[in-house]
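Each chain, written out:
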Amino acid sequence: MKMLVIPTIAAAALLAGAAPRLAAADAKDNWTKNCASCHGPDGAGHTKAGRMAQVKDMTDAKYQGAFTDEQAVKQIKEGFKDSTGKERMKAFADKFTDDEVKGLVAYVRSLKH
Ligand code: HEC
């Protein structure tokens, strides 16, 4: 039995490690877990937290045109505070690599209608 189980686990670990990371799938996953609470799964921001933070509709082409990719990267890393100093979007610099942030910006752009 032992002889069978150990190679199976080793093979599974090897497979998991070797599986290519799909950037697009990761971005969607990161979005769902970290951003959708405010921005909504579709980016429209129709969530309770989204209304409280006063997010704007990311499916709206006009809003998408109001910020550059660079600004989006900066905001994802540093977060957003309003003029009274209240944090309305969390900083995610510690959470994501530069590539993951870029993936999220691309994901945000894909929400535009
Ligand atoms: C706590 C609520 C909250 C969460 C969670 C959140 N955001 Fe935001 N987000 C906001 C608010 C509020 C704004 C600003 C709306 C405005 O401009 O008035 C914003 C704006 C943005 C913008 C526009 C940037 C700009 O320069 O105008 C991007 C891009 C963005 N968020 C991406 C993300 C991503 C990606 C995540 C997840 C990693 C995320 N947000 C998570 C609240 C949130």
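Definitions and limits used
Residues numbered from 1 in each chain as written. Predicted model: local features only at pLDDT ≥ 70, side-chain atom pairs only at ≥ 80, totals over all residues. Heavy atoms only, no water. Near = heavy atom within 4 Å. Polar contact = N/O pair within 3.5 Å; in protein donor to acceptor, adjacent residues only side chain to side chain. 1 Å grid on protein atoms, 1.4 Å probe; cavity = no way out; pocket = protein on both sides within 12 Å on 5 of 7 lines; lining within 4 Å. Sits in = over half its atoms within 2 Å of the grid points. Helix = DSSP H or I, 4+ residues; strand = E, 2+ residues; numbered from the N terminus. Salt bridge = Lys/Arg side-chain N within 4 Å of Asp/Glu carboxyl O. Buried < 20%, exposed > 50% of the residue type's maximum accessible area, 1.4 Å probe, protein only. Phe/Tyr/Trp six-rings, centres within 6.5 Å; stacked < 30°, edge-to-face > 60°.

1. Here we look at the site of the ligand
Part 1 of the reasoning: Taken together, 23 residues are adjacent to the ligand, and Cys35, Cys38, His39, Gln75 and Met89 come closest.
Part 2 of the reasoning: In this structure, His39 approaches the ligand through a side-chain N or O atom, which is 2.7 Å from a nitrogen atom.
Part 3 of the reasoning: At a separation of 3.4 Å, an oxygen atom of the ligand approaches a polar side-chain atom of Lys56.
Part 4 of the reasoning: Assessed atom by atom at 2 Å from the grid points, the ligand resides in the largest pocket.
Part 5 of the reasoning: At the level of secondary structure, the elements contributing two or more residues to the shell around the ligand comprise α2 (23-34), α3 (36-39), α6 (69-78) and β2 (87-89).

2. With respect to the pattern of salt bridges
Side chains carrying opposite charge are able to pair once their charged atoms draw close together.
Part 1 of the reasoning: Applying the stated criterion across every chain yields a total of five salt bridges.
Part 2 of the reasoning: Here Lys33 makes a salt bridge to Asp29, at a shortest N to O gap of 2.7 Å. Taken as a pair, Lys33 and Asp29 lie in helix α2 at a separation of four residues, close to a single helical turn.
Part 3 of the reasoning: Take Lys33: its relative accessible area is 61%, and that puts it in the exposed class.
Part 4 of the reasoning: For Asp29, a relative accessible area of 36% translates into the label partly exposed.
Part 5 of the reasoning: Among the ionic pairs, Lys74 bridges to Glu78, the shortest N-O distance being 3.1 Å. Within this pair, Lys74 and its partner Glu78 are both found in helix α6, separated by four residues, close to a single helical turn.

3. A closer look at the packing of aromatic side chains
Part 1 of the reasoning: For the structure on display, the rule yields three aromatic pairs.
Part 2 of the reasoning: Seen from their ring centres, Tyr63 and Phe67 are 5.2 Å apart, and the 65 degrees between their planes marks the pair as edge-to-face.
Part 3 of the reasoning: Accessibility expressed as a relative area gives 22% for Tyr63, which makes it partly exposed.
Part 4 of the reasoning: Arranged with centres 5.8 Å apart and planes meeting at 25 degrees, the rings of Phe92 and Phe96 form a pair that is stacked.
Part 5 of the reasoning: Under the relative-accessibility criterion, Phe96 is labelled buried at 8%.

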